[in-house]
Amino acid sequence: MKHVKHYVEGKDWERPGGAARHGDLYDPATGEVTGHVDFASSADVDAVVTAAAEAFPAWRDASLAKRTAVMFALRQLVHERRDELAAAITAEHGKVLSDAAGEVQRGLEVIEYACGIPTALKGGFSENVSTGVDSYSIRQPLGVAAVISPFNFPAMVPLWFVPIAIAAGNTVVLKPSEKDPTASTLLAAWFSEAGLPDGVLNVVHGDKEAVDALLDHPDVKSVSFVGSTPIARYVYERGTANGKRVQALGGAKNHMVVLPDADLDLAADAAVSAGFGSAGERCMAISVVVAVEPVADELITRITERMARIRTGDGRRGCDMGPLVTREHRDKVAGYLAAGVREGAKLVVDGRTVEPDGDRAGFWLGPTLFDDVRPEMTVYTDEIFGPVLSIVRVRTYEEAVDLVNAGRYGNGTAIFTNDGGAARRYQHEVEVGMIGVNVPIPVPMAYYSFGGWKASLFGDTHAHGAEGVHFFTRGKVVTSRWLDPSHGGVNLGFPTQN
């Protein structure tokens, strides 16, 4: 049985006598318990944060050349061992190996961005702002940064934050999901192997007790979080109440608008790929297709044809879609199917009848399609976080935009059309943070920033890219005068520009 421990100061760590509490780890494709992970107490978190705080001064003072050398070495290690990392993700999360490999690749892109941190940290300089006086700006690290990451991307989401935080000169305490913690401990060990000094990156496992201890600890200067909207709001409110800088990315209900002039084969491919990839356990998954009539019937026909070819099963067997992460989550998602039928939606494809290519004790739910969904139904209003796609029929472009903008979330959206004017109008009018034009999952590259609007984001700073660098640093402006022997002496008047 696997035993996942905390990772502190460059090595596995546990309290003498072992952890008082732990959580079970499962293989979602078999339903079997494969190990357990230690849960940190508040005292454990305090010890880990103290280690990070003690490591901060030396790492803050490390040269940019030293920091980038670590990032380049880490990039090479992750590139060489991506298969190992992907296998660890599949074993604990359940997503198919190809999807896990894609997650690792997107995380690598952020590491590569962090390799360029010297350019991202460049300040400005103005000579002679006043006679003999120069001004310039610099950005400096905050201190200890906490990162609290979700189960659905156990490698990519930590890599959204950790490389940039560390490259900018901070130390980090990472609290991954207790459902699939191995990816984080692997990455932490690889950081150490890449030359990162002990204590700069630490991993602490646990549940709400560990999260609250991080949110309350006076030495934690910033908190980065990804998860559901209720928890994101909680993290933001508790963290900011304790004076911390917080970026808390929440849930989503992403719409894909299909206009009558769209290529319906392209749109159907996109809807199926974006709706059922990773069993729908993505905050950027398409969960609502807004069909602008008269295309709905034809679009549904093409979507169902593609759904019939999806092979659901063990992610290590070359299947298209794996299980959900836990039995409880599978049952919760299945409950939405019953609710949708009760509320009057038409169940076109019922994922509860799936015949999986895998152990029947796995946490299976097949791709599901609803038609005639209305905005007041729970399958429309709630973030289901599973392989459930809803079709909403509207009559006009304007009705589609109003529907999207009326939603409480604003994470991602897409429009499928061959009309450039309509696409340009949509990207201008829609109240969503990330927009795709004939692209169903518009996750930006690492040198742009990831994040939504409305209830999908608490705080005003998105992840990675320039905004990520800004989040993990704070600015100083220095005004200096180096006097020559001919300076004018004492002047008690108010300083002015001249």
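Just above sits the structure.
Residues numbered from 1 in each chain as written. Predicted model: local features only at pLDDT ≥ 70, side-chain atom pairs only at ≥ 80, totals over all residues. Heavy atoms only, no water.

1. Let's talk about helix α3 (residues 82-93)
At 3.6 residues per turn, the α-helix brings residues three or four places apart onto the same side. Let me state the cut-off plainly: By definition, any uninterrupted DSSP run of H or I lasting at least four residues is a helix, any uninterrupted run of E lasting at least two residues is a strand, and each is numbered from the N terminus. The span one expects for a helix is its residue count, reduced by one, times 1.5 Å. Each residue is assigned to one of three classes by its accessible area relative to the maximum for its type, calculated with a 1.4 Å probe on protein chains only: buried under 20%, partly exposed between the two thresholds, exposed over 50%. Contacts are assigned to residue pairs with any non-hydrogen atoms lying within 4.5 Å of each other.
Its 12 residues place the ends of α3 16 Å apart at the C-alpha level, agreeing with the 16 Å of an ideal helix rising 1.5 Å per residue. Among the residues making up α3, those that are buried are Leu85, Ala86, Ala88, Ile89, Thr90, Glu92 and His93. Buried positions along α3 lie against β1 (2-4), β4 (21-27), α4 (97-114) and α7 (182-193). The first or second residue beyond α3 is Gly94, which carries a positive phi of 105°.

2. Quick notes on the sheet that holds strand β23 (residues 473-481)
Stated formally: Here, any two strands with at least 2 DSSP bridges between them count as paired. Whenever a helix is involved, its axis is fitted only over the stretch in contact; in every case the axis is a line through C-alpha atoms, and angles between N-to-C directions fall within 0 to 180 degrees.
Read from one edge of the open sheet, three strands run β6-β7-β23, paired in antiparallel fashion. In this open sheet, the two strands that pair with only one neighbour each are β6 (125-130) and β23. Within the sheet, the average angular offset between the axes of one strand and its neighbour, ignoring direction, is 30°. In terms of strand pairing, β6 meets strand β7 (residues 133-141) through three bridges, oriented antiparallel. Of the residues in β7, the one forming a bridge with Ser126 is Ser135.

3. Considering the packing of helix α14 (residues 397-406) against helix α15 (residues 420-429)
Basically, it comes down to this: Under this scheme an angle from 65 to 115 degrees is roughly perpendicular, one under 35 degrees roughly parallel, and one over 145 degrees roughly antiparallel; angles in between are oblique. For a crossing to be left-handed, the near helix must be turned anticlockwise from the far one by less than a right angle; the clockwise case is right-handed. All amino acids are sorted into three groups, where Ala, Val, Leu, Ile, Met, Phe, Trp, Tyr, Cys and Pro are nonpolar, Asp, Glu, Lys and Arg are charged, and the leftover types, Gly among them, are polar.
Contact geometry of α14 with α15 gives a least axis separation of 11 Å together with a crossing angle of 25°. One element, α14, and the other, α15, form an angle in the roughly parallel class. In this structure, α14 crosses over α15, and the sense of that crossing is right-handed. Of α15, the residues touching α14 (which contributes Tyr397, Glu398, Val401, Val404 and Asn405) are Ala422, Arg425, Tyr426 and Glu429. In terms of residue class, the contact of α14 with α15 is built from five nonpolar, one polar and three charged.

4. Some details on the sheet that holds strand β5 (residues 32-39)
In space, the three strands of this open sheet follow the order β1-β5-β4, with mixed pairing throughout. Only two strands of the sheet have a single neighbouring strand rather than two, namely β1 and β4. Sheet twist, expressed as the mean angle between neighbouring strand axes with direction ignored, is 25°. Relative to β5, β1 runs parallel, the two sharing three bridges. Paired with His3 across the strands is His36, a residue of β5.

5. Details of the layout of surface pockets
Which entries qualify depends on this criterion: Using only the protein atoms, space was sampled on a 1 Å grid; points where a 1.4 Å probe fits but cannot get out form cavities, open sets with protein on both sides within 12 Å along at least five of seven lines form pockets, and lining residues are those with an atom within 4 Å of a point. Grid points are joined across faces, edges and corners, and a volume is the space filled by probe spheres set on the points.
Within this model, the largest pocket holds a volume of roughly 850 Å³. In terms of lining residues, the largest pocket is bounded by 34 residues, among which Phe151, Phe225, Gly227, Ser228 and Ile231 are the most central. Of all the secondary structure elements, the ones that give two or more residues to the lining of the largest pocket are α8 (208-216), β11 (220-226), α9 (229-241) and α12 (327-342). Counting residues per element, the lining of the largest pocket draws most heavily on α9, which supplies five residues. Residue classes in the lining of the largest pocket are distributed as 15 nonpolar, 10 polar and nine charged.

6. Quick look at the side chain of His205
Inspection of the secondary structure puts His205 in the loop between β10 (201-203) and α8. Setting aside residues up to four positions removed in sequence, His205 forms contacts with Val4, Lys5, His6, Val37, Asp38, Phe39, Ala40, Lys175, Pro176, Pro181, Thr185 and Ala210.

7. Quick look at the pattern of salt bridges
Should the charged atoms of two oppositely charged side chains come close, the side chains can pair. For the record, the criterion: One speaks of a salt bridge when a side-chain nitrogen belonging to Lys or Arg is within 4 Å of a carboxyl oxygen belonging to Asp or Glu.
Using the criterion set out here, one finds 34 salt bridges in the structure. One salt bridge in this structure joins Asp27 and Arg316, with 2.7 Å as the shortest N-O distance. Placement of the pair is Asp27 in strand β4 and Arg316 in the loop between α11 (296-307) and α12, with a sequence separation of 289 residues. Using a relative accessible area of 8% as the deciding quantity, one classes Asp27 as buried. Judged by its relative accessible area of 38%, Arg316 falls in the partly exposed class. Note that Asp265 is salt-bridged to Arg302, the shortest N-O span being 3.0 Å. Of this pair, Asp265 sits in helix α10 (residues 264-276) while Arg302 sits in helix α11, and the two are 37 residues apart along the sequence. Given the relative accessible area of 21%, Arg302 is considered partly exposed. Connected via shared salt-bridge partners are Asp265, Asp269, Glu298, Arg302 and Arg306.

8. Points about the side chain of Lys244
How we decide: All tallies of charge rest on Lys and Arg as positive and Asp and Glu as negative; His and the ends of each chain are not included. Polar contact is defined as a pair of N or O atoms within 3.5 Å, subject to the rule that within protein one atom must be able to donate a hydrogen and the other to accept it, and that residues adjacent in sequence are counted only when both atoms are side-chain atoms.
As for its placement among the helices and strands, Lys244 is situated in the loop between α9 and β12 (245-249). The charged side chain of Lys244 is buried without a salt bridge, its nearest counter-charge being Asp216 at 7.1 Å. Side-chain polar atoms of Lys244 contact the backbone oxygen of His217, separated by 2.4 Å. Only 2.8 Å separates the side chain of Lys244 from the backbone oxygen of Val220, close enough to count as a polar contact.

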